[in-house]
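Coordinates in review
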Amino acid sequence: MSGLADRLARLMVSCYPRRWRRRYRQELLALLDEHPSSPRTVANLALGAVGTHLDPAYRREGITMSGPGGPLRTTAAVAGLAVGLVVVVGGLLALDIRHEQQTDGALTASYAMGIAVSPNTRLGVTAQGTGLGGAGCCDLVWRIGAHPKLLAKFPGAAPLAFAYGGQTVLAASLTGVTEWSLADPARPARIATMPGPGPAQGIAYAPDHTMVAVAYAKAVHLWNLANPAAPHRIAIIPAAANTAAPGYSSVQDQIAFSPDGRTLATTAAHHAVSLWDVSTPWAPRHLATVGRDTGPMAALAFSPAGSQLAYLGQNGKLTVFNLTDPAHLVHAAIPGSPATLVTWGNYALSYSPSGTQLTAVVVIEETGGDRRICTWNVTSVSQPLAAHCRADNFPTAGAFTFTSNRTAIVGPDPRGANKLSNTLSIWPTLPG
Amino acid sequence: MHQKFDDLGRFADPSLLILTSLADGPRHGYAIMTDIAAFSGVKMEPGTLYGALTRLERRGWVRPLPADDRRRPYEITEPGRAVLTEQLASMARIVTVGHRRIAPA
């Protein structure tokens, strides 16, 4: 239910005896990440805290509440705690309705510009609006599950990337990228910043978790993250700006590491893709520039084996490169698409684990912003690619991504004028 | 052999549900809650769940397993399984007698 009920539920956990908290606090908080809290939850935890203080196994700790005294004084102290909790809970719940209305109103002004999902798909982070002095608000942390739940917010913007098995998220800031710890997802904590010449335009995390590439307008910065608390820059790679189509507000996914982490794909002039050997990160070596005139980039993805690279242009054209033969590339148009995709929102591109299917989420402008999921069989790129597309009645704004196992597409759901950014939606299993 | 189940007081019924949930394999807290809701319709709240889990662990009827990303699974122990079997047999007798007595003569 409400964010306030969530916070109250967590407050109640801190009212349990200290020794009990040492043993059970983290797992109970993890449970609360998944359980939709209600006033009943808060009251239940308050009673649980009182009951645990009265439990003979923990009663000695009552001294911390009552000072030195006998059982009568301890009982009186616990009774006082119970009354206090009821008063506090009741009072705060009375404020809950107003708080909810304010939250809805504030978030209605923005929609998600970016999204990242943790490798275990339990957490998601969305960037609301421009976030950096614009119309947006912040980055939001979500618990993903049968009932997606908003856990917290922190200052940041798109693009976003998860790191360290979902414990850390990298988010664009006004002057670069900031690392946030999500060890406790309800309380994001700033770890470190990686300064740059402006807001980052793309973030890609190396598969071995030791390096991150951050794209800016004219360069890609490589950072060593072996020590998350003290990142240091190791190289700057020249790159071309990913010129956005007029009004196109998101230029994410413009960089990607190959699955073995040895190759980095960046944008190049004329909407081409540059491939860099980053196996020696402090001395990146240019390998090749492939493709051109495929339109400003909307999304980029390596195949699982690293043998192919797929590029989705904002012109609605898909290009697939066979990296063993970069000169040979195959174009595929999205059936029924106009010359350009819509000029806002985000797109997602993902290979199936076997590498034989390539799936894209695209937005078709001429049909009123309808979204489509298109899948291509990319077993061989020597022949024209035939797309299988289906229209989907999902939202027309916001960010999309594929989870690591392709079991879902996750994105903020703007359905309902007053719930624009307050719901995260999960889509069914993808083909392939 | 075991401490009496009734000693659990108001946590006796939640404990029975938890032991039943764990009887076919380890589960963490949220999975226990959703499983109980699925097989019994009871929407157990976190305070009740952990009040009962604390007591079951203290009696040695469930044991915690290593945590997985903050979520800690629990598994039923042999004494826990014996207590559950005993309680279910007792309930089965009540069900049998109850059905016989409410059946039309």
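So, how was this worked out
As a convention, each chain's residues are numbered from 1 in the sequence order in which they are written. The naming scheme follows written order: chains are lettered A onward, ligands numbered 1 onward. Where totals are concerned, whole chains, interfaces and linings use all residues; where local detail is concerned, this predicted model gives features only for residues with pLDDT of at least 70, and gives and counts side-chain atom pairs only at 80 or more. Based on all heavy atoms of the structure, the side-chain values leave hydrogens and waters out of the count. Secondary structure is summarised from DSSP: a helix means a run of H or I of at least four residues, a strand means a run of E of at least two, and numbering begins at the N terminus for each. A 1.4 Å probe rolled over the protein chains alone gives each residue an accessible area, and that area as a share of the maximum for its type sets the label: buried under 20%, exposed over 50%, partly exposed in between. The contact criterion used is simple: two residues touch if any of their non-hydrogen atoms lie within 4.5 Å. Per-residue and other accessible areas follow the Shrake-Rupley method at a 1.4 Å probe size, with only the shown protein chains counted as cover for residues. Salt bridges are counted wherever a side-chain nitrogen of Lys or Arg sits within 4 Å of a carboxyl oxygen of Asp or Glu. Strand pairing is defined by DSSP finding a minimum of two bridges between the two strands. Lines fitted to the C-alpha atoms define the axes, with helices restricted to the stretch that makes contact. Angles between their N-to-C directions range from 0 to 180 degrees. Handedness of each helix crossing follows the sense of rotation of the near helix against the far helix: counterclockwise by less than a right angle gives left-handed, clockwise gives right-handed. Note on residue classes: Ala, Val, Leu, Ile, Met, Phe, Trp, Tyr, Cys and Pro are nonpolar, Asp, Glu, Lys and Arg are charged, and everything else, Gly too, is polar. Any pair of N or O atoms that falls within 3.5 Å is considered a polar contact. Within protein, one atom must be able to donate a hydrogen and the other to accept it, and sequence-neighbouring residues count only if both atoms are side-chain atoms. In this analysis, the expected span of each helix is defined as 1.5 Å times one less than the number of residues it contains. Given a residue, its bend is the angle between the two axes fitted to the seven residues that end at it and to the seven that start from it. We call a set of buried Ala, Val, Leu, Ile, Met, Phe, Trp, Tyr and Cys residues a nonpolar core when their side-chain atoms join them within 4.5 Å. Known as pLDDT, the predictor's confidence for each residue is given on a scale from 0 to 100. Working definition: a ring pair exists when centres of Phe, Tyr or Trp rings (six-membered ring for Trp) sit within 6.5 Å. Plane angles under 30 degrees give stacked, over 60 give edge-to-face, the rest tilted. Two parts lose some accessible area (1.4 Å probe) when they are put together, and adding that loss for both gives the buried area.

Helix and strand content of chain B: 4 helices and 3 strands. Mapped from its N terminus to its C terminus, chain B presents α and β elements in the order α-β-α-α-β-β-α. Sorting the 105 residues of chain B into buried and exposed places 46% on the buried side. Expressed as a percentage of contacts within chain B between residues at least 6 apart in sequence, the contacts between residues at least 24 apart total 52%. Here chain B displays about 5700 Å² of accessible surface, and carbon together with sulfur accounts for 56% of that area.

Between side chains of opposite charge, pairing is possible as soon as their charged atoms come close. For the structure on display, the rule yields 14 salt bridges over all chains. B:Glu75 is the partner of B:Arg63 in a salt bridge, and the nearest nitrogen-oxygen pair spans 2.5 Å. Of this pair, B:Arg63 sits in strand β2 (residues 62–64) while B:Glu75 sits in strand β3 (residues 73–76), placing them 12 residues apart in sequence. Judged by relative accessible area, B:Glu75 falls into the partly exposed class, the value being 23%. Through salt bridges that share partners, A:Arg10, A:Asp33, A:Asp184, A:Arg187 and B:Arg70 make up one connected network.

Turning to the environment of A:Leu29, a few remarks are in order. With respect to the helices, strands and loops of the structure, A:Leu29 is situated in helix α2 (residues 18–34). A:Leu29 gets classed as buried once you look at its relative accessible area, which sits at 1%. Between the C-alpha atoms of A:Leu29 and A:Val13, which are 16 residues apart in sequence, the distance is 7.9 Å. Those residues in contact with A:Leu29, other than ones at most four positions away along the chain, are A:Arg10, A:Val13 and B:Arg70.

All names here are of chain A. For strand β5 (residues 157–163), a buried count of 7 out of 7 residues is recorded, marking the element as mostly surrounded by other parts of the structure. As defined by bridge partners, β5 adjoins strand β6 (residues 168–173) across 5 bridges and the pair is classed as antiparallel. Among the inter-strand pairings, alanine 163 is bridged to a residue of β6, identified as threonine 168.

Moving on to the sheet that holds strand β1 (residues 27–28) of chain B. Residue and element names in this part refer to chain B. Here we have 3 strands laid out as an open sheet, ordered β1-β3-β2, and antiparallel in their pairing. Edge positions in the open sheet fall to β1 and β2, since each of these has one partner strand only. Two strands pair when backbone bridges link them, and β2 and β3 are joined in this way by 3 bridges, in the antiparallel orientation. Looking at β3, one finds that proline 64 is bridged to tyrosine 74. The sheet strands contacting helix α3 (residues 46–58) are β2 and β3, and the helix crosses β2 at an angle near 100°.

Residues and elements named next belong to chain B. In contact at an axis separation of 10 Å, helix α1 (residues 12–22) and helix α4 (residues 78–102) are set at 115° when each is read in the N-to-C sense. Between α1 and α4 lies a crossing of left-handed hand. Facing α1, whose interface residues are Leu16, Leu19 and Thr20, α4 presents Gly80, Val83, Leu84, Gln87, Leu88 and Met91. Partitioning the contact of α1 with α4 into residue classes produces 6 nonpolar, 3 polar and no charged.

Moving on to the side chain of A:Ser181. All names here are of chain A. Here serine 181 is to be found in strand β7 (residues 176–181). For serine 181, a relative accessible area of 18% corresponds to the buried category. A distance of 3.3 Å separates a polar side-chain atom of serine 181 from the backbone nitrogen of alanine 183. Residues within four places of serine 181 in sequence aside, it is in contact with Gln167, Arg187, Pro188, Ala189 and Ile191.

This part covers α2(A). All names here are of chain A. Taking 1.5 Å of rise per residue, the 17 residues of α2 would be expected to cover 24 Å, and the 23 Å separating its terminal C-alpha atoms lies within 8% of that figure. Along its length, α2 shows its largest kink, about 60°, at tyrosine 24. All buried positions along α2 are accounted for by Trp20, Tyr24, Glu27, Leu28, Leu29, Ala30, Leu31, Leu32, Asp33 and Glu34.

Of all hydrophobic cores here, the largest spans 43 residues; its most connected members are A:Leu45, B:Phe5, B:Ile18, B:Leu19, B:Leu49 and B:Tyr50. Sorting the residues of this core by element identifies α1 (3–13), α2 and α3 (39–54) of chain A together with α1, α2 (29–40), α3, β3 and α4 of chain B as the ones contributing at least two each. Residues in contact with B:Ile18, not counting those within four places in the same chain, are B:Ile32, B:Ile36, B:Met44, B:Leu49, B:Ala52, B:Leu53 and B:Leu56. Membership of the second largest hydrophobic core comes to 17 residues, among which are A:Ala299, A:Ala301, A:Ala310 and A:Cys374.

What follows is about the sheet that holds strand β15 (residues 272–277) of chain A. Residues and elements named next belong to chain A. Strand order across the open sheet formed by 4 strands is β13-β14-β15-β16, with antiparallel pairing between neighbours. Each edge of the open sheet carries a strand with a single partner, namely β13 (256–257) and β16 (285–290). For β15 and β16, the ladder comprises 5 bridges, and the chain directions are antiparallel. Residue pairing for β16: tryptophan 276 is matched across the bridge by histidine 286.

What follows covers the confidence of the model for chain B. Fine structural detail should not be taken from predicted coordinates in areas where pLDDT scores are low. Residue and element names in this part refer to chain B. Summing up the model confidence of chain B, the mean pLDDT is 89 and the portion of residues at 70 or higher is 95%. Across chain B, the element-wise mean pLDDT spans from 89 in α2 up to 95 in β2. Complex prediction metrics read pTM 0.58 and ipTM 0.90.

With that out of the way, let us pick up the packing of aromatic side chains. Residues and elements named next belong to chain A. The tally for this structure, following the rule as stated, stands at 5 aromatic pairs over all chains. Seen from their ring centres, tyrosine 16 and tryptophan 20 are 4.1 Å apart, and the 25° between their planes marks the pair as stacked. The class of tyrosine 16 is buried, set by a relative accessible area of 3%. A relative accessible area of 1% means that tryptophan 20 is categorised as buried.

Taken residue by residue, the interface counts 23 residues in chain B and 30 residues in chain A. Summed over both partners, the interface of chain B with chain A buries about 2300 Å², with 43% contributed by carbon and sulfur atoms. Remark: the boundary between chain B and chain A carries 6 salt bridges. The interface formed by chain B and chain A includes 15 residue pairs in polar contact (both at pLDDT 80 or more). Mapped by element, the contributors of at least two residues to the side of chain B that touches chain A are α2 and α3 of chain B. Among the elements that line the side of chain B that touches chain A, the one with the most residues is α3(B), at 9 residues. Of the residues contributing to the side of chain B that touches chain A, the split by class is 7 nonpolar, 5 polar and 11 charged.

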